[in-house]
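# Report on the structure
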Amino acid sequence: MDPEQKVAKITPQHDADHVDGVDRISALPDEILLHVLSFLGSKKAGKTSVLSTRWRFLFASTPDIDLDMSFDSQSLDPSQNNGIVIDHPPYQRLYAFMNFGYRLVMLRNGAPIRKFKLSLRQVPRAYQAAIQSLISAALLCKAQEIEISVDSNALSRAHSIEQVSVAGMLSCKTLVSLELDCWPGGNLNVSPDSVWLPNLKSLHLSALILVNEDSIQWLIQGCPVLQELDLSLAGFSHSTTGQQQRGIIISSSSLIKLKLECWASECTVLVECKILESFEYSDICARKRKIILVAPNLKYLAYTVDRLGESFIQIPNCLVGAKIRVCHWGEQDSIQDIYEHLHRVGCVKSLSLEQNILKALHYCERPFPIFKNLTRLEVRSLSCWKMLPSLFGCSPSLQELVLGEVAWDGNLQELECLLQQVILVSFIQHLKEIEIRRFCKEEYEFKLVEYFLRNAKALQKVTLGMGSLDVPERLLSLKRYSKHCHVKGRGVIIYY
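As the structure is a prediction and not an experimental result, all values here were calculated from the model.

When helices and strands are counted, the protein chain shows 14 helices and 23 strands. By the burial criterion, 47% of the 496 residues in the protein chain qualify as buried. Once local pairs closer than 6 in sequence are excluded, the contacts in the protein chain between residues at least 24 apart make up 63%. Taken as a whole, the protein chain presents about 24100 Å² of accessible surface, with 49% of it coming from carbon and sulfur.

Structure follows, in structure tokens:
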């Protein structure tokens, strides 16, 4: 049920809600009513002010403020994008929205805000001052979580991150979580003394231009208890491109989870975090970089690259899970490169791979590396069924198999023969769980699932993403090798 419908069921809108002439809903304590209103966005919660005098200003005291507005930029006059045009209908809506948000914060009279969220799309640059004023007002209410999302011309690359996010945001002592997602992004140009966020545990910044290579480290040093860091770096500013770049350094004694998306030019990335447990790296610009990991406690490593070329150094042997995605595979990418990528994660228990890596290994007729500890394997897409023997053969302890989707372009008789050849019973004797995240009810999909049900003696659960919880009768009635195996459907299809 929609949150607005939930609130509508319990707000005093009809005489039936009044018993003996008493409005029992409005008589509830503020804490309960505010909890009810917190399920709505601030704009919808504000509509409850018309219910009665009891509700008139109640919405302004909700612990969370969620301001979300978007409108069609094509309806704007391009010649007026740099000025505020109040009489233009789209600008009237934006002006009214910003005015509502500012008044909503001011009505709190400084009452603390648990979470402040502002989402704007396609707004002109002239509204930048209004955006900053609204954020400043929220900071005065000692906000604990701030999430800003602006996709427009409102923020110019000529501005530094301090100007974009208001100087006070980087020195707010109450902030626990900060997410700033602006496009176009801004320059990251901070000094050692300009950042002090003593309680910040989660930080997300996107589309940043590095003005100074030390800016990232200065930013981290100003967050002494930071546990989660998500950075998207768009490149270096013109002032640093002509200089010899030392690289990107991320060093922290408190960081546990790091996600780094790097579009910058070729450079070295040094990650020095003693208690870091999870590192996700992404580069889709085909840059060749050296990533040095000084993270002895690392448990999970994931990286997405356009082509093989990244060089990871000092990957610890304590890895438990890994995910490798190579977007494109070219002739210049050697099989040796693939082996190096796989050997880096040879000790993991959980592994997620792209099919193109498996295909390359299969067609080169070179044996797969052995993953003796591997119990969970995920393949985003399976169409080359002949690589299954190598896939299972390299994973002698495999217990869980996850397939994003499967495809087959041959006839069904060939498939039945192929299954007996490529999926030997000895390969799947330890298999306990199978999941196909996108099950389209094609006949070849049924054949694959039925083969597993008939031959996997330890199988306990089969999950099929069909967009429905109802399992086809042909699978429910099928005689299975394992009496303890259950087949269930998933209402939500997971797309990659």
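On to the nonpolar core, then. Formed by 138 residues in total, the largest nonpolar core has its most connected members in Phe116, Phe279, Trp385 and Ile423. By residue number, the principal contributor to this core is helix α13 (residues 443-455), which donates seven residues. The residues touching isoleucine 423, leaving out its near neighbours within four places in the chain, are Leu388, Phe392, Ile428, Leu448, Tyr451 and Phe452.

Let us look at the confidence of the model for the protein chain. Per-chain confidence: the protein chain averages 78 in pLDDT, with 74% of residues scoring 70 or above. Here residues 6-18 is a poorly scored stretch, pLDDT under 50, and it has 22 contacts once near neighbours within four places are set aside; other chains count. Confidence over residues 71-87 falls short of pLDDT 50; this stretch has 30 contacts with residues more than four positions distant or in other chains.

The next point concerns the pattern of salt bridges. Under the defined criterion, the tally for this structure stands at 13 salt bridges. Linking glutamate 378 and arginine 437 is a salt bridge whose minimum nitrogen-to-oxygen distance equals 3.3 Å. Of this pair, glutamate 378 sits in strand β19 (residues 376-379) while arginine 437 sits in the loop between β21 (433-436) and α13, and the two are 59 residues apart along the sequence. Since its relative accessible area comes to 8%, glutamate 378 is described here as buried. On the basis of relative accessible area, arginine 437 is assigned to the buried category, the value being 15%. A salt bridge links arginine 490 to glutamate 435; the shortest N-O distance between them is 2.3 Å. Within this pair, whereas arginine 490 is found in strand β23 (residues 486-490), its partner glutamate 435 is found in strand β21, the two being separated by 55 residues in sequence. What makes arginine 490 partly exposed here is its relative accessible area of 28%.

Let's shift gears to α13. In an α-helix there are 3.6 residues to a turn, and that puts residues three or four apart on one side. Along its 13 residues, α13 runs 18 Å from first to last C-alpha, staying within 8% of the 18 Å computed at 1.5 Å per residue. Burial runs high along α13: eleven of the 13 residues are buried. Among the residues making up α13, those that are buried are Tyr444, Glu445, Phe446, Lys447, Leu448, Val449, Glu450, Tyr451, Phe452, Leu453 and Asn455.

Analysis parameters
Residues numbered from 1 in each chain as written. Predicted model: local features only at pLDDT ≥ 70, side-chain atom pairs only at ≥ 80, totals over all residues. Heavy atoms only, no water. Helix = DSSP H or I, 4+ residues; strand = E, 2+ residues; numbered from the N terminus. Buried < 20%, exposed > 50% of the residue type's maximum accessible area, 1.4 Å probe, protein only. Contact = heavy atoms within 4.5 Å. Areas by Shrake-Rupley, 256 points an atom, 1.4 Å probe, with all protein chains shown as cover. Core = buried A, V, L, I, M, F, W, Y, C linked by side-chain atoms within 4.5 Å. pLDDT = per-residue confidence, 0-100. Salt bridge = Lys/Arg side-chain N within 4 Å of Asp/Glu carboxyl O. Expected span 1.5 Å × (residues − 1).

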